[in-house]
Amino acid sequence: MDIDFNESRSDLWKEIYNTEDLHHCYNCGTCISGCPASNGDPPLLIRNLARMVILGLEEELLEEDTPWACVSCSKCEEMCPMDVKPFELVLAIRKWQAQNDVTYVPTSIVEIYKRGYTQAVGVNTELRNQLGLPDLPTISKDPVKLKLYQEMLMKTPVIADNDYMFKGK
Ligand code: SF4
Ligand code: SF4
């Protein structure tokens, strides 16, 4: 990522996550080590998001889709040694993105529509197979249920109003 610091906003953190806790982050990466979404594509890397907020990278953050891959497991909250509360940070970034661009549709919603999940199920499936466990049941493996699921999603405003993103998926 090319960063233009002339365009950065030093007070952005106050707008997104107005807590001194954020500045206690020392970039250790512990939050990533236990995060299931860190295996996603692209991966959710909370450490990087914290840095982007602190550095005031507004444009880059507005385009960042990874916060929407969070599955709300709260592992990062338990593991962060500095009590940054990374999960709260993820939620704050999502809220700020939605407030700053009402037309914003995270591409992860396309993944949910297409497959029924946004997470790295493929990685988990390989690990389960190595342990002799059956594949995880996912709706994407059942065409009938997937169709019903997509019809249901198409009734929600966020998808119906942007159906061009989902047609043919
Ligand atoms: S709450 Fe979200 S960001 Fe935190 S570990 Fe879980 S999936 Fe990752
Ligand atoms: S675990 Fe906490 S201190 Fe470490 S990088 Fe993540 S948010 Fe920062």
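Note that the structure is predicted; figures quoted are calculated from it, not measured. (Residues numbered from 1 in each chain as written. Chains lettered and ligands numbered in written order. Predicted model: local features only at pLDDT ≥ 70, side-chain atom pairs only at ≥ 80, totals over all residues.)

Colleague: Quick rundown of the site of ligand 1? Include the residues and the values.
Modeller: Taken together, 16 residues sit near ligand 1, with C35, C70, C73, K75 and C76 positioned nearest. Elements supplying a minimum of two residues to the shell around ligand 1: α5 (75-79) and α6 (86-100). Considering every element that reaches the shell around ligand 1, the biggest residue donor is α6, with three residues. Tallied by class, the residues present in the shell around ligand 1 amount to 12 nonpolar, three polar and one charged. (Near = placed C-beta within 6 Å. Helix = DSSP H or I, 4+ residues; strand = E, 2+ residues; numbered from the N terminus. Nonpolar A, V, L, I, M, F, W, Y, C, P; charged D, E, K, R; others polar.)

Colleague: With reference to specific residues and values, describe the site of ligand 2.
Modeller: Lining the immediate surroundings of ligand 2 are 15 residues, of which C25, C28, C31, R47 and C80 lie closest. Breaking the shell around ligand 2 down by element, the ones donating at least two residues are α2 (30-33) and α3 (46-55). Take the shell around ligand 2: its biggest share by element is three residues, from α3.

Colleague: Give a description of α6 that names residues and reports values.
Modeller: One turn of an α-helix holds 3.6 residues; hence residues three or four places apart share an orientation. In this model α6 runs 21 Å from its N-terminal to its C-terminal C-alpha over 15 residues, within 8% of the 21 Å that 1.5 Å per residue would give. Among all positions in α6, only P86, F87, L89, V90, A92 and I93 are buried. At its buried positions, α6 is contacted by α1 (12-16), α2, α3, α4 (58-62) and α5. (Expected span 1.5 Å × (residues − 1). Buried ≥ 20, exposed ≤ 12 C-beta atoms within 10 Å, placed from the backbone. Contact = placed C-beta atoms within 7 Å.)

Colleague: Describe in detail the confidence of the model for the protein, supporting the description with residues and values.
Modeller: Close inspection of predicted coordinates is inappropriate in any region flagged by low pLDDT. Looking at the protein, the pLDDT average stands at 87 and 93% of residues meet or exceed 70. Of all helices and strands in the protein, the one with the weakest mean pLDDT is helix α8 (residues 121-130) (76), whereas α3 scores best (96). (pLDDT = per-residue confidence, 0-100.)

Colleague: I'd like to hear about unusual backbone geometry, residue by residue, with values.
Modeller: Positive phi, normally seen in glycine, also occurs at N27, with a value near 70°. Looking at where N27 falls in the secondary structure, it is placed in the loop between α1 and α2. For N27, a count of 9 C-beta atoms within 10 Å corresponds to the exposed category. The phi torsion at D83 lies on the positive side, around 55°, for a residue other than glycine. For D83, the position within the fold is in the loop between α5 and α6.

Colleague: Hey, could you go over the packing of α3 against α6 for me, with residue numbers and the actual values?
Modeller: Axis separation between α3 and α6 bottoms out at 10 Å; the angle between their running directions is 60°. In terms of axis orientation, α3 runs oblique to α6. For the pair α3 and α6, the sense of crossing is left-handed. Taking contact as the criterion, the partners of I46, L49 and A50 in α3 are, on α6, P86, L89, V90 and I93. (Axes fitted to C-alpha atoms, helices over the stretch in contact; angles between N-to-C directions. Parallel < 35°, antiparallel > 145°, perpendicular 65-115°, else oblique. Left-handed = near helix turned anticlockwise from the far one by under 90°.)

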